[in-house]
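# Overview (structure and organization)
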Amino acid sequence: MHAVTSLGWLGAVVVFLVLALAALRGDDPLVMRAACLAMDLAVRFAIVPLAVASLLSGVVSSLVSPWGLVRHWWVLIKLAIVVVATAVLIMQVEPVAALADATVASPPTADGMQWREAVVSLVVHAVGGLVILLTATVLAIYKPRGATGFAARGSARRHRTGGAAATNGRKGLKIR
């Protein structure tokens, strides 16, 4: 579930970037309007739901996997990256919706400076989002070494108790 939602989020951001570039480079007001409306739909119905699903499924899968949520630095860094990316994304929902509403009210023009600045901002955010999501993907694939202090304390505790489970004195019977 986590891999599917994460890669879906990445793909949806690629589509958003293509739409933003089409709006930015377009000479036809109809294409520019359609791209802005499609960006709004992509954000509300694909990108935000996939981002939230990726974040939640990542936390759940880390809690039930041997990697843990706080045992390895790469997991913590990935979590921080995804939380920040999701927060920035949620802050961008309103500007995208406002741009879509503005294009419905009046057709955009390629020389409209305020409209152009808004679309350039969306392009920059999309490129930044792609870099962040690709970084998280690389961390998930390569899993760089490095345990956190939490992992070291847990390992020392297991070592002191003789392993993950202690015996009660009877051969073969373990108490968990």
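What counts as what
Residues numbered from 1 in each chain as written. Predicted model: local features only at pLDDT ≥ 70, side-chain atom pairs only at ≥ 80, totals over all residues. Heavy atoms only, no water. Helix = DSSP H or I, 4+ residues; strand = E, 2+ residues; numbered from the N terminus. Buried < 20%, exposed > 50% of the residue type's maximum accessible area, 1.4 Å probe, protein only. Contact = heavy atoms within 4.5 Å. Areas by Shrake-Rupley, 256 points an atom, 1.4 Å probe, with all protein chains shown as cover. Salt bridge = Lys/Arg side-chain N within 4 Å of Asp/Glu carboxyl O. Core = buried A, V, L, I, M, F, W, Y, C linked by side-chain atoms within 4.5 Å. Patch = residues over 30% accessible without salt bridge, like charges linked within 9 Å, V, L, I, M, F, W, Y side chains within 5 Å. Expected span 1.5 Å × (residues − 1). Bend = angle between axes of the 7 residues up to and from the residue. Axes fitted to C-alpha atoms, helices over the stretch in contact; angles between N-to-C directions. Parallel < 35°, antiparallel > 145°, perpendicular 65-115°, else oblique. Left-handed = near helix turned anticlockwise from the far one by under 90°. Nonpolar A, V, L, I, M, F, W, Y, C, P; charged D, E, K, R; others polar.

## A closer look at the overall build of the protein
Looking only at helices and strands, the protein has five helices and two strands in total. When the helices and strands of the protein are read in sequence order from the N terminus, they spell out α-α-α-α-α-β-β. The 176 residues of the protein split such that 32% are buried. For the protein, the share of sequence-separated contacts (at least 6 apart) that also reach a separation of at least 24 residues comes to 74%. Looking at the protein as shown, the accessible area adds up to about 10700 Å², and 69% of this sits on carbon and sulfur atoms.

## Brief notes about the pattern of salt bridges
Pairs may arise between side chains of opposite charge once their charged atoms sit close together. Per the counting criterion, the structure on display carries one salt bridge. Residue D40 is joined to R44 by a salt bridge in which the shortest nitrogen-to-oxygen separation is 3.1 Å. Placement of the pair is D40 and R44 together in helix α2 (residues 29–64), with a separation of four residues, close to one helical turn.

## Notes on the side chain of T103
The residue T103 is located in helix α3 (residues 73–105) in this model. The exposure class of T103 is buried, given its relative accessible area of 1%. Setting aside chain neighbours within four positions, we find T103 in contact with R33, C36, L37, P108 and W115.

## Side note on the nonpolar core
Judged by nonpolar contacts, the single largest core of 30 residues is most densely connected at W9, F16, A23, M39, I47, L99 and W115. At the level of secondary structure, the elements contributing two or more residues to this core comprise α1 (2–25), α2, α3 and α4 (113–142). Here the element with the most residues in this core is α1; it accounts for 10 residues. The contacts of M39, once residues within four sequence positions are left out, are F16, L19, A20, A23, V96, L99 and L122. Membership of the second largest hydrophobic core comes to five residues, among which are W74, V75, A136 and L139.

## A closer look at a nonpolar patch on the surface
A cluster of nonpolar side chains, V60, L63 and V64, forms an exposed patch at the surface whose accessible area comes to about 330 Å². One can find L63 in helix α2. The class of L63 is exposed, set by a relative accessible area of 58%.

## Quick look at the environment of E117
With respect to the helices, strands and loops of the structure, E117 is situated in helix α4. A relative accessible area of 52% places E117 in the exposed class. Residues E117 and L24, 93 residues apart in the sequence, show an inter-C-alpha distance of 9.4 Å.

## Description of α3
Across its 33 residues, α3 extends 48 Å between first and last C-alpha, which sits within 8% of the 48 Å expected from 1.5 Å per residue. Where α3 bends most, the angle comes to about 30°, and this point is Q92, followed within four residues by the proline P95.

## Here we look at the packing of α2 against α3
Viewed as axis vectors pointing N to C, α2 and α3 meet at an angle of 160°, and their least axial separation amounts to 9 Å. With respect to each other, α2 and α3 are oriented roughly antiparallel. The element α2 and its partner α3 pack so that their crossing is left-handed. In terms of residue class, the contact of α2 with α3 is built from 20 nonpolar, three polar and two charged.

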